[in-house]
Amino acid sequence: MPELPGEAGSCWTVTAPPTDFPVLREAVRAETVVVGGGIVGLTTALRLCEEGRSVVLLEGLSVGRQVTGRSTAKITTQHRLIYRDLIDTRGEEMARLYAEANRDGCDLIDRWVVSYGVECDFERRDAYVYTRDAALRPRIEAEANAARSLGLTAEMLDRAPLPFDTAAALRFPHQAQFNPAAYLVGIARAFIAHGGRIFENSRARVIEEGNRWRVRTDEGEVEAENLVVATNMTVKSPVGMANRTQPRSHIAMAFRLADEKLIDGMFISAEDPGHSLRTGRDAAGPLLIVLGPRFDTGHEGDVAGRFLELEDWVRSNLFVGDAVWRWCNEDYDTPDRVPYVGEPDPEKAPGFYIATGFNAWGISNGTAAGAMIADQICGRDSPWKALYDPVRPYPEDFHRNGESRSIVTSVADIAAGHGGVLVKGDEKIAVWKDETGQTHAFSAACTHKGCILTWNNADRTWDCPCHGSIFSADGSVIHGPAREPLRPASL
């Protein structure tokens, strides 16, 4: 495999301030325990602490460094071409609520950045959907009309302000962008200042229900009246979420920019395969961040090849410098493009809240979700409850399981620094060779539901093609729904 351009890592996480919250090594109690230190979890936690509530937040790795910290971080109500679709499929009232929820989510981020003095490169930018296909112009115009009918400001343009030809564009003015990892570190500090407690490297291993919810980690436990599972895909739920969603991934690259004015705004293409663009920066200066087309997690046998294709697309259309950073990220799609948020079974599992299925628009939706959950815990009803209803009907054929794309015939087929799945009788073994060529072997069965994993040859991870769990090369969990590491195996 050719050497990949850029350094592995998100430009946001490498430039965000470090965190050093303690590991949970005791038994603690709180009114609410939040599992997950991304945008949903921290928004919920801070809102509750602003209300004077007692909250503990558990993060399996480090705050802000996972899915939220690897997003494109557009703070916008423009979610590609969605509003016409929502009106047609869920009705005008639900479409209006979606617009309202995401507008309120954007506004809350804006307020917190100001009120808590969060340094996160927050910048006002217009958001654009563009097309290079004139046949899509009527769809963009229909989206503009739909957005305006719901109270949003939207403008149809003959072309996008991009340095390549486009056939039409839709503009939402006065949106924003930021460094999402730095933002989460900032609101984590605000949460601590309000009396909240955060424990990092404290993965939830066991979740039990008794008189109160009990969440056990490797070295401690939390008891609470309310439990919020905010882990991208729920690691536990009284109502199954895995088959209501589809895990999807995309790749991102950051290129050095000589001219910061190369593009002015945030852009996403209307057509597939899609590309998304925005500017940003790292410690060395301005960057252009570009996302490539999405693909189902674990269904791609050559993720590295996607980076090479994306670099070719960027250099064919834009004048950029060196590729500096590259990373993969994952989210979950839902059939109607609306997340599942709330209390899935208030009768049998009172006080249990979830949030998942953000369809790659988790910044505004995730903030709205956290605010809604906090309101419900505080006994306030939310107008968004029906919109985000986590047990609304869904087509049973929506979810697609996949098979491993990494089967090899022998260990000799695996190069140093790479992995593959070896079939040994009835057993399938995930084999990784480190840079010295030493082999490391694990069961290739995902510890969530037993699906056989695919090796991600770009991020050097084991990705589940069924429900999206991701494990590091050494078998440890990066994020769920799996909670347990891969089991060691013998060759």
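Going by the structure above, here's the rest.
Please read these numbers as outputs of a predicted model, since none were measured by experiment.

What counts and what doesn't
- Residues numbered from 1 in each chain as written.
- Predicted model: local features only at pLDDT ≥ 70, side-chain atom pairs only at ≥ 80, totals over all residues.
- Heavy atoms only, no water.
- Pairing = 2+ DSSP bridges.
- Helix = DSSP H or I, 4+ residues; strand = E, 2+ residues; numbered from the N terminus.
- Axes fitted to C-alpha atoms, helices over the stretch in contact; angles between N-to-C directions.
- Buried < 20%, exposed > 50% of the residue type's maximum accessible area, 1.4 Å probe, protein only.
- Arc of directions from axis to C-beta.
- Contact = heavy atoms within 4.5 Å.

Chemist: Explain the sheet that holds strand β23 (residues 439-443) to me, using residue names and the numbers behind them.
Modeler: Overall, mixed pairing links the four strands, which are arranged β20-β21-β22-β23 in an open sheet. Looking at the sheet topology across the chains shown, the edges are occupied by β20 (407-408) and β23. Examined bridge by bridge, strand β22 (residues 427-433) and β23 share five bridges and lie antiparallel to one another. The residue of β23 that forms the bridge with W432 is H440.

Chemist: Provide a residue-level description of the sheet that holds strand β25 (residues 461-463), including the pertinent values.
Modeler: Here four strands make up an open sheet; going across it, the order is β24-β25-β26-β27 and the pairing antiparallel. The two strands at the open ends of the sheet, each matched to only one other strand, are β24 (454-456) and β27 (477-479). Neighbour-to-neighbour, the strand axes of the sheet open up by a mean angle of 35°, direction not taken into account. Two strands pair when backbone bridges link them, and strand β26 (residues 470-472) and β27 are joined in this way by two bridges, in the antiparallel orientation. Along β27, the bridge assignment pairs I470 with H479.

Chemist: Give me helix α3 (residues 83-90): which residues, what numbers.
Modeler: For α3, every residue scored as buried is listed here: Y83, L86 and I87. The arc that holds every buried residue of α3, seen down its axis, measures 100°, which confines them to one face. Of the residues in α3, the exposed ones pointing more than 90 degrees away from the buried face are D88 and T89. The inward-facing, buried residues of α3 contact α4 (92-115), α5 (137-149) and β7 (168-177). At the C-terminal side of α3, G91 shows a positive phi close to 95°.

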